[in-house]
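If you want the building blocks of each chain, they are given just below.
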Amino acid sequence: MNMMKELWKHKLEPQGRINITIFFVNLFLVMAHIIFMIVYGYIGHTFMIVINIFSLLLYVISIPNCYKNIDRYMGITFLEVWVHMICGILSFGWRPCYQNWCFAMIVAYFLPVFSNTRTSKGSFIYTGLIVFTYFFLATVFPLMNLHITEELNLYMISVLFILNNLFTFITIALFTLFYTLSNERKERELTRKADHDELTGMYNRYSLNHISEAIIRDAKECNKPYSVAILDLDHFKTVNDTYGHVSGDDVLKKLATI
């Protein structure tokens, strides 16, 4: 709880938003593996139960530190999902759709590039490995007629099919949402900086030109008068010379607020 409060305090900072996103992704993966654990227990597949226990412990241990070294965390997450996916295919075959996690991993490694959390070189390497894995399993598995370790009935195939596709879509949605919200926030910040004076927060000359043009155009079309008022702060130089420019900036900000 204290960790969540600490993260939430920095939610408006770029790195703070990234940390919160990584934290919730980690929690989502913990919940996903708990559900998989229940399914594997029902099937009675010991090998996948053991794999899932290691995966679950990995994410539980990672919760306090998952956002402190994002590169390392993403690497560990990639390896865990990759191993779990391959083990799932070798255990149950192609039909439960473990291979669809490839698409989620590609999104997870490319979208953070646009948010400056990873280097593009590393993402291309990981993506190449993911694509190779997908097509290797898609072609070699059927051609070599590899024997899966567990023949599932149609009901359990449907359960795993739904879970894998559902978790894949949720993962893609989480990272896409993160990217979209980050872009929207950055766009708002850039627009505000472009239209407002940094010190006082008031409209700058660029914005005032557009505003005045619209007012003048509207006045001409409606045949109504308009006025321009200019405010001057007398003896402001004395404030700067006497109390310093920092105090002068405070005066300007206070005046702008009034």
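See the structure above.
The present account deals with the structure reproduced in this document. Fair warning: this is a prediction, and the values are worked out from it, not measured in the lab. Within any chain, residue numbers begin from 1 and follow the written order of that chain's sequence. Two thresholds apply to this predicted model, a pLDDT of at least 70 for residue-level local features and 80 or more for giving and counting side-chain atom pairs, whereas whole-chain, interface and lining totals are computed over all residues. To obtain the side-chain values, all non-hydrogen atoms of the structure were used and water was disregarded.

1. Observations regarding the pattern of salt bridges
Only one rule defines a salt bridge in this text: a Lys or Arg side-chain nitrogen within 4 Å of an Asp or Glu carboxyl oxygen. Under the criterion given, the structure shown has three salt bridges. The residue K224 makes a salt bridge to D218 at a minimum N-O spacing of 3.0 Å. Here K224 falls in the partly exposed class, since its relative accessible area comes to 43%. Residue classification places D218 among the partly exposed residues on the basis of a relative accessible area of 31%. For D241, the salt bridge identified is with K237, shortest N-O distance 2.7 Å. Of the two residues, D241 and K237 both sit in helix α9 (residues 236-243), four residues apart, roughly one turn of that helix. Using a relative accessible area of 60% as the deciding quantity, one classes K237 as exposed. A simple rule labels every residue: compare its accessible area, found with a 1.4 Å probe on the protein chains alone, to the largest value its type can have, and call it buried under 20%, exposed over 50%, or partly exposed in between. By definition, any uninterrupted DSSP run of H or I lasting at least four residues is a helix, any uninterrupted run of E lasting at least two residues is a strand, and each is numbered from the N terminus.

2. Quick look at empty space enclosed by the protein
Points on a 1 Å grid over protein atoms alone make up a cavity when a 1.4 Å probe fits among them but cannot get out, and a pocket when they form an open set with protein on both sides within 12 Å along at least five of seven lines; lining residues each have an atom within 4 Å of a point. Grid points are joined across faces, edges and corners, and a volume is the space filled by probe spheres set on the points. Within the structure shown, the criterion is met by three cavities of 30 Å³ or more. Computed from the structure, the largest cavity encloses a volume of approximately 160 Å³. Mapped by element, the contributors of at least two residues to the lining of the largest cavity are α2 (14-43), α4 (70-92), α5 (101-114) and α7 (154-195). Under this grouping Gly is polar, as are all residues other than the nonpolar Ala, Val, Leu, Ile, Met, Phe, Trp, Tyr, Cys and Pro and the charged Asp, Glu, Lys and Arg. Across the lining of the largest cavity, the residue classes break down as 12 nonpolar, two polar and no charged. Estimated volume of the second largest cavity: approximately 80 Å³. Considering the residues around the second largest cavity, the lining is formed by L29, A32, H33, F36, E80, V81, H84, M85 and W101. Elements with a minimum of two residues in the lining of the second largest cavity: α2 and α4. Grouping the amino acids of the lining of the second largest cavity by side-chain chemistry returns six nonpolar, two polar and one charged.

3. Section: unusual backbone geometry
Excluding glycine, residues mostly have negative phi values, and the peptide bonds linking residues are mostly trans. Unlike most non-glycine residues, N223 shows phi in positive territory, near 55 degrees. Tracing the sequence through the fold places N223 in the loop between α8 (205-222) and α9. On the accessibility criterion, N223 (71% relative accessible area) is exposed.

4. Focus: a nonpolar patch on the surface
To count toward a patch, a residue needs a relative accessible area over 30% and no salt bridge; like charges are then connected within 9 Å, while nonpolar side chains (Val, Leu, Ile, Met, Phe, Trp, Tyr) are connected within 5 Å. In these tables, accessible area is a Shrake-Rupley quantity obtained with a 1.4 Å probe, and a residue counts as shielded only by the protein chains included in the view. Where nonpolar side chains cluster on the molecular surface, the patch consists of Y203, L208, I211, I215, Y226, V228 and I230 and spans about 760 Å² of accessible area. Tracing the backbone shows Y203 in the loop between α7 and α8. Note on Y203: relative accessible area 48%, which makes it partly exposed.

5. Quick word on the packing of α9 against helix α10 (residues 245-257)
Axis definition: a line fitted to C-alpha atoms, limited for helices to the stretch in contact. Angles are taken between N-to-C directions and run from 0 to 180 degrees. Contact geometry for α9 and α10: axes closest at 7 Å, N-to-C directions at 140 degrees. In terms of orientation, α9 lies oblique with respect to α10. Every residue of α10 that contacts α9 at F236, V239, N240 and Y243 is listed here: H245, S247, G248, V251 and L252. Residue classes in the contact of α9 with α10 are distributed as five nonpolar, four polar and no charged. Any angle from 65 to 115 degrees is called roughly perpendicular, while one under 35 is roughly parallel, one over 145 is roughly antiparallel, and all others are oblique. Residue contacts are defined here by distance: any two heavy atoms, one from each residue, within 4.5 Å place the two residues in contact.

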